[in-house]
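# Structural overview
Here is what each chain is made of, one letter per residue.
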Amino acid sequence: MHDIRAIRSNPEAFDAAMARRGLPPQAASLLALDEARRAAITAAEGAQARRNALSREIGAAMKRGDKEEAGRLKAEVAALSAAGPSGEEAALDEALAALPNLLDPEVPEGRDETANVVLRGHGEPRDIPGAKEHWELGEALGLMDFEAAARLSGSRFVVLKGALARLERALGQWMLDLHVSEHGYEEVSPPVLVKAPALFGTNQLPKFEEDLFRTTGEHYLIPTAEVPLTNLVREQIIPEPEQPLRYTALTPCFRSEAGAAGRDTRGMLRQHQFSKVEMVSICTPEQSDAEHERMTGCAERVLTELGLAWRRVFLCAGDTGFGAARTYDLEVWLPGQKAWREISSCSNTRDFQARRMKARFRRGKENLFLHTLNGSGVAVGRALLAVMETHQQPDGSISVPEVLRPFMAGAERIARG
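Residues numbered from 1 in each chain as written. Predicted model: local features only at pLDDT ≥ 70, side-chain atom pairs only at ≥ 80, totals over all residues. Heavy atoms only, no water.

A separate point is the UniProt feature "binding site: ATP" (unreviewed entry) in the protein. Summarizing the sequence annotation, UniProt attributes the feature "binding site: ATP" (unreviewed entry) to R255, S256, E257, E342, I343, S344 and S345 in the numbering used throughout. Along the chain, the position of S256 falls in the loop between β9 (245–254) and β10 (273–283). When its relative accessible area of 16% is taken as the criterion, S256 is described as buried. Residues contacting S256, with those up to four places away along its chain left out, are E210, D211, L212, F213 and H272. Among the structural elements, S345 can be located in strand β13 (residues 339–348). Not counting chain neighbours up to four residues away, the residues in contact with S345 comprise T327, Y328, D329, N374, G375 and S376. In terms of polar contacts, S345 uses its side chain to reach the side chain of D329, at 2.8 Å. (UniProt positions renumbered as here; feature names shortened; annotations may be inferred. Helix = DSSP H or I, 4+ residues; strand = E, 2+ residues; numbered from the N terminus. Buried < 20%, exposed > 50% of the residue type's maximum accessible area, 1.4 Å probe, protein only. Contact = heavy atoms within 4.5 Å. Polar contact = N/O pair within 3.5 Å; in protein donor to acceptor, adjacent residues only side chain to side chain.)

Below, the discussion takes up the pairing of β13. Across 9 bridges, the pairing between strand β12 (residues 326–334) and β13 is antiparallel. Counted as the bridge partner of W333 is W340 from β13. Hairpin geometry of β12 and β13 is characterised by an intervening segment of 4 residues between the two adjacent antiparallel strands and by a positive phi of about 55 degrees at K338. Pairing of β13 with strand β16 (residues 371–379) involves 3 bridges; the strand directions are antiparallel. Along β16, the bridge assignment pairs N348 with L373. (Pairing = 2+ DSSP bridges.)

Moving on, we get to the environment of G65. Checked against the element boundaries, G65 lands in the loop between α3 (27–63) and α4 (67–79). Sequence separation between G65 and A163 is 98 residues; the distance between their C-alpha atoms is 91 Å.

In terms of burial, strand β11 (residues 310–314) is largely enclosed, as 4 of its 5 residues are buried. Bridge count between strand β1 (residues 117–122) and β11: 5 bridges; the pairing is antiparallel. Among the inter-strand pairings, V118 is bridged to a residue of β11, identified as V313.

Another point: the side chain of E133. Relative to the helices and strands, E133 resides in the loop between β1 and α6 (134–141). Here E133 occupies a buried position and makes no salt bridge, while the nearest side chain of opposite charge, R341, is found at 7.2 Å. If we skip the residues at most four places from it in the chain, E133 touches G336, Q337 and E389. (Lys, Arg positive; Asp, Glu negative; His and termini not counted. Salt bridge = Lys/Arg side-chain N within 4 Å of Asp/Glu carboxyl O.)

This chain's UniProt record puts "binding site: L-serine" (unreviewed entry) on T224, A225, E226, E278 and S376. A compact arrangement is adopted by the annotated residues: their sequence extent is 153 residues, whereas the largest C-alpha distance between any two is 9.4 Å. On the secondary structure map, T224 appears in the loop between β7 (219–221) and α10 (226–230). In this view, T224 contacts Q204, C253, R255, K276 and E278; residues no more than four positions away in its chain are not counted. From its side chain, T224 meets the backbone nitrogen of E226 in a polar contact 3.1 Å long. Relative to the helices and strands, S376 is located in strand β16. Relative accessible area serves as the criterion here: at 10%, S376 is assigned to the buried category. Once residues lying within four places of it in the same chain are set aside, the contact partners of S376 are K276, V277, E278, M279, A299, I343, S344 and S345.

Let us now look at the environment of T390. For T390, the position within the fold is in helix α13 (residues 380–390). Here T390 falls in the buried class, since its relative accessible area comes to 4%. Linking T390 and V77, residues 313 residues apart in sequence, is a C-alpha distance of 76 Å. A distance of 2.8 Å separates a polar atom in the side chain of T390 from the backbone oxygen of A386.

Time to look at the packing of aromatic side chains. Scanning the entire structure with this criterion turns up 4 aromatic pairs. Where F208 meets F322, the ring centres are 5.9 Å apart and the plane angle is 85 degrees; that geometry is what we call edge-to-face. In this pair, F208 is assigned in the loop between α9 (196–201) and β6 (213–214) and F322 in the loop between β11 and β12, connecting sequence segments 114 residues apart. With 5.5 Å between their ring centres and 65 degrees between their planes, W333 and W340 make a pair best called edge-to-face. Here W340 falls in the partly exposed class, since its relative accessible area comes to 23%. Grouped by ring-pair contacts, the aromatic residues F208, F322 and F352 constitute a single cluster. The aromatic ring of Y328 is capped on one face by R312, whose charged end is 4.6 Å from the ring centroid. Its end group placed over the ring of F200, R356 keeps NZ or CZ at 4.1 Å from the ring centre. (Phe/Tyr/Trp six-rings, centres within 6.5 Å; stacked < 30°, edge-to-face > 60°. Lys NZ or Arg CZ within 6 Å of the ring centre and 35° of its normal.)

Attention now moves to the sheet that holds β16. With respect to topology, 8 strands assemble into an open sheet ordered β1-β11-β12-β13-β16-β10-β9-β4, the strand pairing being mixed. Of all strands in the sheet, those bounded by a partner on one side alone are β1 and β4 (186–187). On top of the sheet, helix α11 (residues 288–305) reaches β1, β9, β10, β11, β12, β13 and β16; it is set at about 5 degrees to β16, its chief contact. Contacting β9, β10, β12, β13 and β16, α13 runs over the sheet at an angle of about 40 degrees to β16. (Axes fitted to C-alpha atoms, helices over the stretch in contact; angles between N-to-C directions.)

Structural data, given as structure tokens:
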């Protein structure tokens, strides 16, 4: 959400910022809506002043027994609209809510993912002769069943069994423990059903409604735990935090993948239901840049400990998400696919979400908007397939990363029984 006062003070800068997103000039139409809103406010204030004056005149007319004059004055009061500027305010808010966040000046220029910039990496991509993709490995082990999932739920679902189901659980539990015990995040168990205002706050609504699953009532299934975690400060004015508030959660996530028709239809890369460990930070503006680097480092630690080759990618202007000011993607090397694939996305939204949520902090006599950040720490399903492909053995078994073995009853590998 944008500050109309900032647009009013420098419309050229706002249009230049929207141009980086590939959008035409927006300031003129926004300022016209703002002018209509302010005119409506002025008219409403004038109408209220006239109603107050008429009320006094009605009282005087009644006191002297002039019922005819009192009736005429009451009719005039009824004719004055009491609606106020709500329609104009709604039109401006709707227009502002439809526009993406302003990009950080350091975000690379570019139209699409081909202009993203690789900043650094860890580990060498493995070239495994005859490497299989994760679904080939899982089906050969008899522990990954897409056909059964299709009979139950349709496409983009999977049934995991036995040791692979346990490995998925181990990944989520280990990541959660790591972020809580070593990275200073507070564990939260949030609802996975939320109402529309929460999704508006984290900018899934109204733009991305087609990607959401909605119940028959007023609830939506969460596409990510970012939604409930960030909204913990919704409509709050909190004391100024000395350190960022850091929350983490392991939840199921639900996405319709409406914009991904025909993409990654095989395997577990794009599922309607998946588990993810999410990290959310809520902080002051002065803290947010350093917190973005710290959060991304926490996700990188996960990948390093799992023995995966990864790289950090700075997303360009055309590939940065709607609500983000800047985003780092972490990509892992999948030997079976012989490709880099995104496994985590860490974004600084600055005050964009806080304005939508009306989330502020108190500094002296001022109430200022918070900054919010979110990142995958990481997507459990994608971590599972990355572990499977990276640690596959010539006999088709999977070597279990050492950090996960305590969660696997000490098992060092997964093989067909």
